[in-house]
Amino acid sequence: ISDRNTYALIDESATGSQIEGKLSLMLQNVKEGDTVYFYYNGHGVPDQKSSEAYILPSDETVDFITRKEQFKFSNVYKQLESSKASKVLAVIDSCFSGRGNEGQSLFKGTAGAVVRTKKFTADEGGKVAILTAGSESQFSNGYEAKGHRLLSYFVMRSLLEGKTSLNDIYLNSVMRVKEV
């Protein structure tokens, strides 16, 4: 993927306004027949009332993220689905448990219990394929020996090894994640 067609936000630059702006700009520039690769690695949080999953930009507060519908994962998915792209691969290396890296709750004043998110189902037969680091009750793990997130590392390895079909990327990544 050329630099011209890459929209990357890393660490503190992944603010809410930057995520919104880059996603809008990318989708505006997608042409009929393009393939879009969408990658998100960061905190995800559940709405404690509805169990809907939200991505958490670096400058947003976990307690108020549910007021921002644009960060609801299902709405991000809908934007990707409605693009002009013929195919979209979304790799989401994030859990939506409501717990941070040390197992502590991201919500102030609450214990580090796991909050299950509502099971997200994409349109069957749609053009968007989603690879996630876990189900609605699982965690996204790091791969400290390689200095990456576990799912991210094996998806990247699959691509570098020349895997091009979604099925090959999925099978190769899932098998390797389970081995670690």
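Before going into details, it helps to say that this report is about the structure given with it. (Residues numbered from 1 in each chain as written. Predicted model: local features only at pLDDT ≥ 70, side-chain atom pairs only at ≥ 80, totals over all residues. Heavy atoms only, no water.)

Another aspect to go through is unusual backbone geometry. Positive phi outside glycine occurs at Asp11, with the angle close to 55 degrees. Positionally, Asp11 belongs in the segment before helix 1 (16-29). Classification of Asp11 as exposed rests on a relative accessible area of 57%. Of note, Ser51 is a non-glycine position whose phi angle comes to about 70 degrees, a positive value. (Helix = DSSP H or I, 4+ residues; strand = E, 2+ residues; numbered from the N terminus. Buried < 20%, exposed > 50% of the residue type's maximum accessible area, 1.4 Å probe, protein only.)

Let us now look at empty space enclosed by the protein. For the coordinates displayed, the defined rule picks out one cavity of 30 Å³ or more. Phe38, Tyr40, Ile55, Phe73, Val76 and Ile92 are the residues that line the largest cavity. When residues of the lining of the largest cavity are traced back to their parent elements, those giving at least two are strand 1 (35-40) and helix 2 (73-81). For the lining of the largest cavity, the class distribution of residues is six nonpolar, no polar and no charged. (1 Å grid on protein atoms, 1.4 Å probe; cavity = no way out; pocket = protein on both sides within 12 Å on 5 of 7 lines; lining within 4 Å. Points joined across faces, edges and corners; volume = space filled by probe spheres on them. Nonpolar A, V, L, I, M, F, W, Y, C, P; charged D, E, K, R; others polar.)

Our focus in this paragraph is the nonpolar core. Judged by nonpolar contacts, the single largest core of 26 residues is most densely connected at Leu23, Val36, Phe38 and Leu80. Elements that contribute at least two residues to this core include exactly helix 1, strand 1, strand 3 (53-55), helix 2 and strand 4 (87-92). The residues contacting Leu80, other than those within four sequence positions of it, are Leu23, Met26, Leu27, Val36, Phe38, Val88, Ala90, Lys127 and Val128. Residues Ala129, Leu131, Val155 and Ile169 belong to the second largest nonpolar core, which totals seven residues. (Core = buried A, V, L, I, M, F, W, Y, C linked by side-chain atoms within 4.5 Å. Contact = heavy atoms within 4.5 Å.)

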